[in-house]
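Read off the chains here:
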Amino acid sequence: MSTDNEGNENDAVPPAPSVPSVPPVPAAAPEGAPPVGDMPASGPARPADAPTAQGPAAHQGDGPAPSASPYAQPQQPAQPPAPAQPPAGSAGWPPPPPAVPSYADGGSPQPWGAPAHHAEHGAPRKRRAGGLVAAVAVAALVAGGIGGALGYWAADSNASGSSGSTTVAASNSPKDFKRADGTVAGVAAKALPSVVTIDAQSGEGEGGTGTGFVYDKEGHILTNNHVVASAADSGQLTVTFSDGKKYGAEVVGRAEGYDVAVLKLKNAPDGLTPLALGDSDKVAVGDSTIAIGAPFGLSNTVTTGIISAKNRPVASGDGSSSANSYMSALQTDASINPGNSGGPLLDAGGAVIGINSAIQSTSGGGVGQSQAGSIGLGFAIPVNQAKNVAEQLIKTGQPVYPVIGATVTMEEKSGGAVISDDGAGGTPAVTPNGPAAKAGLKAGDVITKFNDTVVESGPTLIGEIWTHKPGDKVTLTYQRGGKTSTVDVVLGERKGDS
């Protein structure tokens, strides 16, 4: 599944909301999910424990006004003389209508409260319009009745010696209205002070806008790698809180494969409030979600939705290198756009369940095309995985990846993850004495399941492996020569993004 990253990177100063496009999707979503993106049918073989080397892809007027207001009076044909009117203030007020009712031949409606009169005896009656017209007439009468009642109340109040004001105030309106903690407004109010907008400027003056959130009280900020990649080496990073206060920041560590980065505030203020972290393994399809970020540079934007799916295989890139990141993502229909990258995806209680990272879009983001926007297909890195990576980066400054020690092809529709005949640079496809070799796997084997998850391609397998830690025991189902077998594998490790 190929997606667009959400950060607004690589734009000239001042930062604009454009983001680098993302490489095509090399993976097919499991369990019959529709293909996402424009990935070629096949790609180069690559290790299951390292990102694929791929080049980045090129990332009403108003109609005429109605001719008349519904309150305008249409012209009337000549009418027979009306009977003499009683003097003002008499019992006959309001005056009676014309002898021929205006509604019968397209004339003006009667004044409110006028007694009903019919046409002269024997005159043919025109058919009234039914259906929609009748419904509109009823609606008008109801609205008019309300207006008449309010008008009478105002006149009566004035006549009784009131101050003349017709303003109505709620007598029991609280002076300091507060939203309950369980509402979207309550969650947003509590979370916004801990969400930041990140401005990343490269040494060449290019940059963009993304999002992050307070990870701990020491001033660490968790975000996406592709948000800060352009400024990681020689650029400048500025973090802005919801109250407008700005702080410089520096990169503590980045993990290209996971698309996770940790920043540290310079001169971090006291009293930082980290967002609570939830448990992404317990998230269920249909759970409510709240996304906070800076879509197209619009900081502190809150959107809502649900968890649409889990374990979506997603591949994306940072736009500055050929390395891809892989995730077994949470899918949400909350509106996520460029600039939301790195921001929190919250559950209904306000706990972080994911890091918004990528979107699927109908726009390719190429030259002459408008920038991609939300179509209700957003993807977030599960927070359990992001937390593990963040702890590694804070502790050592470099990521640690779990591996099976085998190179798999990147073909999109191969019916599984196929172990290549050869590894990268002429190395063996199955690392000697590695986890896969110890389990008896060989070149040409097709891995079809990772534990209970169906594997449809190499990227799907990598995304699933990276949800675990080195040393974890997993079960692989594979096919060889038409025969299906199952084997347990203890995951090895690889350090760094080499």
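Residues numbered from 1 in each chain as written. Predicted model: local features only at pLDDT ≥ 70, side-chain atom pairs only at ≥ 80, totals over all residues. Heavy atoms only, no water.

1. Side note on the overall build of the protein chain
Each helix and strand counted, the protein chain has six helices and 23 strands in total. Per-residue burial for the protein chain yields a buried fraction of 44% across its 498 residues. For the protein chain, the exposed surface amounts to about 24500 Å²; the carbon and sulfur share of it is 54%. (Helix = DSSP H or I, 4+ residues; strand = E, 2+ residues; numbered from the N terminus. Buried < 20%, exposed > 50% of the residue type's maximum accessible area, 1.4 Å probe, protein only. Areas by Shrake-Rupley, 256 points an atom, 1.4 Å probe, with all protein chains shown as cover.)

2. Here we look at the packing of aromatic side chains
How two aromatic rings sit relative to each other is given by the distance of their centres and the angle of their planes. In this structure the tally under the stated criterion is five aromatic pairs. Ring centres of Tyr-326 and Trp-466 lie 6.1 Å apart, and the angle between their planes is 70°; on these two criteria the pair is classed as edge-to-face. On the criterion of sequence distance, the pair formed by Tyr-326 in strand S12 (residues 324-332) and Trp-466 in the loop between helix H6 (458-465) and strand S21 (473-480) is long-range, its members being 140 residues apart. With respect to class, Tyr-326 is no different from Trp-466; both count as buried. (Phe/Tyr/Trp six-rings, centres within 6.5 Å; stacked < 30°, edge-to-face > 60°.)

3. Observations regarding the pattern of salt bridges
Counted according to the given criterion, the structure contains one salt bridge. Close ionic contact of Arg-480 with Asp-445 constitutes a salt bridge, the shortest N to O distance being 2.8 Å. Taken together, the residues span a long stretch of sequence, with Arg-480 in strand S21 and Asp-445 in the loop between helix H5 (435-438) and strand S19 (446-450) at a distance of 35 residues. Relative accessible area serves as the criterion here: at 32%, Arg-480 is assigned to the partly exposed category. (Salt bridge = Lys/Arg side-chain N within 4 Å of Asp/Glu carboxyl O.)

4. Some points on the pairing of strand S16 (residues 400-403)
A two-sided burial pattern is seen for S16, the buried positions comprising Val-400 and Pro-402 on one face and Tyr-401 and Val-403 on the other. With four bridges connecting them, S16 and strand S23 (residues 492-495) associate as antiparallel partners. Opposite Val-403, over in S23, you have Gly-492 as the bridge partner. (Pairing = 2+ DSSP bridges.)

5. Let's talk about the pairing of strand S6 (residues 220-223)
Of the two faces of S6, the one carrying His-220 and Leu-222 and the one carrying Ile-221 and Thr-223 are both buried. Note: strand S5 (residues 206-214) against S6, two bridges, orientation antiparallel. For Val-214, the partnering residue across the bridge sits in S6 and is Ile-221. Turn length for the S5-S6 hairpin, with the two strands adjacent in sequence and antiparallel, is five residues, and the turn residue Gly-219 shows positive phi of about 100°. Relative to strand S9 (residues 260-265), S6 runs antiparallel, the two sharing four bridges. Residue Thr-223 lies in a different strand from S9, and its bridge partner there is Ala-261.

6. Observations concerning the side chain of Thr-477
As for its placement among the helices and strands, Thr-477 is situated in strand S21. Leaving out residues up to four positions away in the same chain, Thr-477 has contacts with Val-446, Ile-447, Thr-448, Lys-449, Thr-484, Ser-485 and Thr-486. (Contact = heavy atoms within 4.5 Å.)

7. What about unusual backbone geometry?
Even without glycine at this site, Asn-300 takes up a positive phi of about 60°. Mapped onto the elements, Asn-300 comes out in the loop between strand S10 (288-293) and strand S11 (301-317). When its relative accessible area of 32% is taken as the criterion, Asn-300 is described as partly exposed. One non-glycine residue with positive phi stands out, namely Asn-311, at about 60°. Assignment of secondary structure puts Asn-311 in strand S11.

8. Concerning the side chain of Asn-356
Within the element layout of this structure, Asn-356 appears in strand S14 (residues 352-359). At a separation of 3.3 Å, a polar atom in the side chain of Asn-356 contacts the main-chain carbonyl oxygen of Pro-344. The contact partners of Asn-356, leaving out residues within four places of it in the chain, are Asn-224, Ala-291, Ile-292, Ile-336, Asn-340, Ser-341, Gly-342, Gly-343, Pro-344, Leu-345, Phe-379 and Ala-380. (Polar contact = N/O pair within 3.5 Å; in protein donor to acceptor, adjacent residues only side chain to side chain.)

9. A look at the environment of Thr-477
Residue Thr-477 is classed as buried on the basis of its relative accessible area of 12%. With 23 residues separating them along the chain, Thr-477 and Val-454 place their C-alpha atoms 9.2 Å apart.

10. Thoughts on H6
Quick reminder: α-helices carry 3.6 residues per turn. Residues three or four places apart thus point the same way. Counting buried positions along H6 yields eight of eight residues, so the element is predominantly enclosed. For H6, the complete set of buried residues consists of Gly-458, Pro-459, Thr-460, Leu-461, Ile-462, Gly-463, Glu-464 and Ile-465.

11. With respect to the nonpolar core
Formed by 55 residues in total, the largest nonpolar core has its most connected members in Leu-222, Ile-447 and Leu-461. Ranked by residue count, the leading element in this core is helix H4 (residues 383-396), at five residues. Residues in contact with Leu-222, not counting those within four places in the same chain, are Gly-212, Phe-213, Tyr-215, Val-260, Ala-261, Val-262, Gly-342, Ile-355, Ala-386 and Ala-390. Ranked by size, the runner-up nonpolar core spans 17 residues in total, among them Ile-221, Leu-237, Ala-261 and Leu-265. (Core = buried A, V, L, I, M, F, W, Y, C linked by side-chain atoms within 4.5 Å.)

12. Quick word on the confidence of the model for the protein chain
Chain-level statistics for the protein chain give a pLDDT mean of 74 and a share of 61% at 70 or above. Within the model, the stretch residues 126-160 combines pLDDT values under 50 with twelve contacts to residues more than four positions away or in other chains. (pLDDT = per-residue confidence, 0-100.)

13. Details of the environment of Gly-416
Within the element layout of this structure, Gly-416 appears in the loop between strand S17 (407-408) and strand S18 (417-418). Judged by relative accessible area, which is 0%, Gly-416 ranks as buried. Taking the C-alpha atoms as reference points, Gly-416 and Val-454, 38 residues apart in sequence, are found 8.2 Å from one another.

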